[in-house]
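# Close look at the chain arrangement
Take a look at the letters that make up each chain.
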Amino acid sequence: MTLHGLQKKITLPILITTSVILLIYGFFTYNKREKNLYDDFNSAIQSARERIKANLPDPIYKEDIEAIEPIIKTEVKQKEIFSVAVLDEDRKEILFSISKGPKGNFITSKDISKLEKNKERIVDPIFWYDKFTREKEIVAWSILYVDKRHIKNQLRYEIYSIIFTILLLDISIVLIISLIANRFIIHPLQDITEVTKKISKSDFSKRVSKKYILRSQDEITLLSSYINSMTDTMESLTTNLKNEVDAQTKEIKLQNESFTNLLSNLDQGFIIMDFKGEVLNDPTEKTLEILGVNPKHRNVTELFKLNNTEKVNFLKWLGHV
């Protein structure tokens, strides 16, 4: 949508202000969302660590692999965990490990190099408590390879959501303001401008539309009413003035004709000239008879055939007159 003139001056400041406010709101919303996601992530990882340390000591001590597998699978199913590995007490050999496959399946492997590709890991000792001696010893080590991809995906979605919301609101604001401005401001002002333009050219044939006058009493309505009232008054005054001028012109024309007829009946010729000596009036018959030529628009010095000295003196005298 192309904006022009007053419509742009109304829309742009509101659009910029709204966008800035929404960006600030989006920034704080994103930060809050990021904090909540990482808080939930850390809480889930901590709970998994606690469960592993609580559930694995006995199966590991008894070397019960069938009991270890479901415990680890339960933890790997969580979106926050990519893999869980159990190492011996010397941290040299992988006793058992399960990872997520590309299709969500479980992959069992004792190849530590594949697991080490994921650098984000958490290592915890697994203690076995002797209920009789009340002593504890490290029987294994657990390694949690964490998976933060879901956090990045959700944060990316949050950014897209904020941008889409800002664009949607900006477009909605532009459309709403444009519709309101066009109906209540732009179109009435365009009509008023057209009327005033015609008035400047002495054309009083147009008036501001009544639909802008008959609505609620706002500034545009009052201006439209005043413009129409002013146009009516100016048209009336102009018409009266024109009639008066026409009447005066007709009277002067009749007087000039009478004066010319009177002079034409005299046995004398006459001319009317300006300060340069140029003849302005139409000649009478006697003037034509005396001069032998039509003197209108000709210089008196040429008609009387004055020499240079006479011409200079005459024009000097004429200037004083």
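Above this text sits the structure in question.
Cut-offs applied
Residues numbered from 1 in each chain as written. Predicted model: local features only at pLDDT ≥ 70, side-chain atom pairs only at ≥ 80, totals over all residues. Heavy atoms only, no water. Pairing = 2+ DSSP bridges. Helix = DSSP H or I, 4+ residues; strand = E, 2+ residues; numbered from the N terminus. Axes fitted to C-alpha atoms, helices over the stretch in contact; angles between N-to-C directions. Buried < 20%, exposed > 50% of the residue type's maximum accessible area, 1.4 Å probe, protein only. Core = buried A, V, L, I, M, F, W, Y, C linked by side-chain atoms within 4.5 Å. Contact = heavy atoms within 4.5 Å.

### Section: the sheet that holds strand β4 (residues 121–129)
On the basis of which strands lie adjacent, the open sheet formed by 5 strands has the order β3-β2-β1-β5-β4 and antiparallel pairing. Each edge of the sheet is formed by a strand with only one pairing partner; in this case those strands are β3 (106–108) and β4. Direction aside, neighbouring strands of the sheet carry axes that sit 20° apart on average. Of the strand pairs in this sheet, strand β1 (residues 81–87) and strand β5 (residues 136–146) are connected by 6 bridges, and their pairing is antiparallel.

### A closer look at the pairing of strand β2 (residues 94–100)
A large share of β2 lies buried, amounting to 5 of its 7 residues. Taking the residues between adjacent antiparallel strands as the criterion, β1 and β2 are bridged by 6 residues, where R91 takes a positive phi near 60°. As paired strands, β2 and β3 are joined by 3 bridges and run antiparallel to one another. Note on β3: the bridge partner recorded for K100 is F106. Between the antiparallel neighbours β2 and β3 lie 5 residues, among them G104 with a positive phi of about 85°.

### Side note on the environment of G26
Its location among the elements puts G26 in helix α1 (residues 5–55). The spatial distance from the C-alpha of G26 to the C-alpha of I162 is 5.9 Å, given a sequence separation of 136 residues.

### Quick look at the nonpolar core
Grouped together as the largest cluster of nonpolar side chains are 24 residues, with contacts concentrated most on L56, I60, I72, V84, I126 and L144. Elements with a contribution of two residues or more to this core: α1, α3 (65–76), β1, β2, β4, β5 and α5 (149–200). If one sorts the elements of this core by residue count, α1 sits on top with 5 residues. If we ignore the near neighbours within four places in the chain, the residues touching I72 are V84, V86, F96 and I98. Core analysis: the next-biggest nonpolar cluster, separate from the first, contains 7 residues, V195, I199, V208 and I227 among them.

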